[in-house]
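One-letter residues, chain by chain:
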Amino acid sequence: TSKADRGNQCLSHVLTLVLQELSLLCKRDVNGVGMLYDLLRSRWLQALLKIYECLQNYLEKRPVPVMLQAHALNCEALLSAHDTVAQKDFEPTLPPLPDNIPENEEAMRIVCLVKNNQPLGATIKRHEITGDITVARVIHGGLADRSGLLYAGDKLVEVNGVSIDGLEPEQVINILALSQGTIMFKLIPVSDRPVSNQTTLYVRAMADYWPLQDPAIPCADAGLPFKKGEILQIVDQNDALWWQARKLSDLSACAGLIPSNHLLKRKQREFWWTQPFQPHFCLKSSMLPMPLSFTAGFRRSMRLCRRKSRANQQSCYARCPSSCCSTFAAPYEEVVRYQRHPGDRNRLIVLVGPAGVGVNELRRRLIASNPREFQSAVPHTTRVQKSYEMNGREYHYVSKETFENMVYSHRMLEYGEYRGYMYGTSIDAVRTVLNEGKICVIDLEPHGIQIARTHELKPYIIFIKPSSISCMRQTRKNARIITDYYVNMKFKEEDLQEMEDSAKKMEAQFGQFFDQVIVNDNLQEASAQLLSAVHHAQDEPQWVPAIWICSDTQT
Ligand SMILES: Nc1ncnc2c1ncn2[C@@H]1O[C@H](COP(=O)(O)OP(=O)(O)OP(=O)(O)O)[C@@H](O)[C@H]1O
């Protein structure tokens, strides 16, 4: 028999004897024996014995080397090789430091990054005073940022073994652009690394920005293009001129450079972008002609007032609050997520669109669909009340002095003159509808948007956009455009063209304020979209100016 068998037999024999003995003792109920008996019969002990068996078998089978050549290995040589390797000190043996090193000698850092066809995610610049080439910024979420090894302010000494002493930043960028795979930097780390205490900020862009057309951007490829109205997440404001931001629509992307508030304002003043935003525009807006339109009974006088003013650019106005100018001039508007509490007043719904697009038709249909839920604001007028009219139903009939007082005390959202009489929509009239728990739906000329944008009204702006001229030729065949009190004219080709041009201008100038755009092609579809947009405005979370919410907490 083999050694293992002998071992096994031995062990099993002893165990069997012990168990027999114990079972006898168990019968005599000797104290503690039961426990020992159980122990020896336990599964883990059996398993242990199995392992022991396996090991015995393994010992019997004399292990052989995997490779045939290994047979030739000298065992002693092998052990001595092992000992040599085990005793060797693999730490780098650095030469002793020379005694004459100046105390303020800067420590170098060697940084290796693997590029893999992605941008480095950092920009460099020449330091204004020292002339050194330093890391200007590290883009959030980019390769350099993710490595955690490069910081703004680090001074570059070598790139891929090439000393950058005397090189221009552009030459260094060239070296970097040509490098594939691993890039090695030798650098002197910035002494006081900026502590990141940035809070993420969300803003609505009030202008368009195209980095590729901006000669001033430090690195056009690192720029973030955006359109007015888009929500941006600002992740870095360390630099006075160039911030870092992501688009809300793509938060997983690495951040890009955008001009800071201050810089964008400066650019606006220089009018360099393709669709210049004119900050001084609103300075004039209190005197701008404001066409008006009405519908609580969808009053023609007001709509005509607007149409007339469009023609002679004279008769209607929007009040311009003092805050208006500053808001117009701000290139970014800080926004926060806002969810209307079910108990809160409804948000004011404002429809905006070029004359004839169907703003009143859509509003009329919306109110008619559920007059208990939707209502228009009753306008004020200085004209005489007609016999069949009721004060407060069609209009609030007021004297010229009262009307003018309301204008001067900033109680009008917009107002105008038609055939010698004043007409206007007051904030109080809107408030009355909202206080009744209803949804107030008004239409405004776009210049009036800014006036309605208050924390109290929290307006939700819907732009009604015309469909293409060819579509309108079909859909507006039987439609009538109101040209005078008693005259409804068919749409002419130039009316359609004017509508399209006017819509383009409105979008270009006021698009940043539109919460929703509805193309009024098929009337039924547009009505359904309006209904769902209105409910969306009241029930879903929205981005609103932060100032609206701050004001809430103050009041
Ligand atoms: N999608 C549509 N398809 C067909 N006709 C439409 C559509 N939308 C509106 N209309 C018709 O077009 C005409 C003008 O519409 P509406 O009076 O609502 O225009 P508006 O935008 O209020 O402009 P204004 O205030 O200058 O009259 C009306 O006859 C209306 O019924």
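The name that an unreviewed UniProt entry assigns to the protein chain is MAGUK p55 scaffold protein 4, with the source organism given as Meleagris gallopavo. Listed under Sequence similarities (unreviewed entry) in UniProt, the entry text for the protein chain is "Belongs to the MAGUK family."

Enquirer: Would you take a moment to explain the UniProt feature "domain: PDZ" (unreviewed entry) in the protein chain for this structure?
Expert: The sites that carry the UniProt feature "domain: PDZ" (unreviewed entry) are, in the present numbering, residues 110-191. Secondary structure content for residues 110-191 is 18% helix and 37% strand, while the C-alpha to C-alpha distance between its ends is 16 Å.

Enquirer: I'm lost on the pattern of salt bridges in this one. Help?
Expert: Where charged atoms of side chains with opposite charge meet at close range, the side chains can pair. Tallied over the full model, the rule gives 23 salt bridges. Arg-365 serves as the salt-bridge partner of Glu-361, at 3.0 Å between the closest nitrogen and oxygen. Residue Glu-361 and its partner Arg-365 are located together in helix α11 (residues 359-369), separated by 4 residues, close to a single helical turn. The class of Glu-361 is partly exposed, set by a relative accessible area of 28%. Judged by its relative accessible area of 30%, Arg-365 is partly exposed. When the shortest N-O distance is used, the salt bridge between Arg-431 and Asp-428 registers 2.9 Å. Residue Arg-431 and its partner Asp-428 are located together in helix α13 (residues 427-435), separated by 3 residues, close to a single helical turn. A network of salt bridges, in which partner residues are shared, links Arg-345, Arg-411, Asp-428, Arg-431 and Glu-456.

Enquirer: Looking at this structure, how should I read the domain arrangement of the protein chain?
Expert: Often, the extent of an interface is quoted as the loss of accessible area on bringing the components together. As far as domains go, the protein chain holds domain 1 (109-188), domain 2 (201-271), domain 3 (341-373 + 438-543) and domain 4 (378-423). Taken over C-alpha atoms, the centre of domain 1 sits 23 Å from the centre of domain 2. Summed over both sides, the interface of domain 1 with domain 2 buries roughly 710 Å², with 57% coming from carbon and sulfur. Together, Arg-137, Ile-139 and His-140 form the three largest contributors to the area buried by domain 1 at its contact with domain 2, with a combined 77%. The interface formed by domain 1 and domain 2 holds 1 salt bridge in total. Run the count over domain 1 and domain 2 and you get 5 residue pairs in polar contact (both at pLDDT 80 or more). Taken together, the residues that form the side of domain 1 that touches domain 2 break down as 2 nonpolar, 4 polar and 1 charged.

Definitions and limits used
Residues numbered from 1 in each chain as written. Predicted model: local features only at pLDDT ≥ 70, side-chain atom pairs only at ≥ 80, totals over all residues. Heavy atoms only, no water. UniProt positions renumbered as here; feature names shortened; annotations may be inferred. Helix = DSSP H or I, 4+ residues; strand = E, 2+ residues; numbered from the N terminus. Salt bridge = Lys/Arg side-chain N within 4 Å of Asp/Glu carboxyl O. Buried < 20%, exposed > 50% of the residue type's maximum accessible area, 1.4 Å probe, protein only. Domains from an automatic or database assignment. Buried area = accessible area lost by both parts, 1.4 Å probe. Polar contact = N/O pair within 3.5 Å; in protein donor to acceptor, adjacent residues only side chain to side chain. Nonpolar A, V, L, I, M, F, W, Y, C, P; charged D, E, K, R; others polar.

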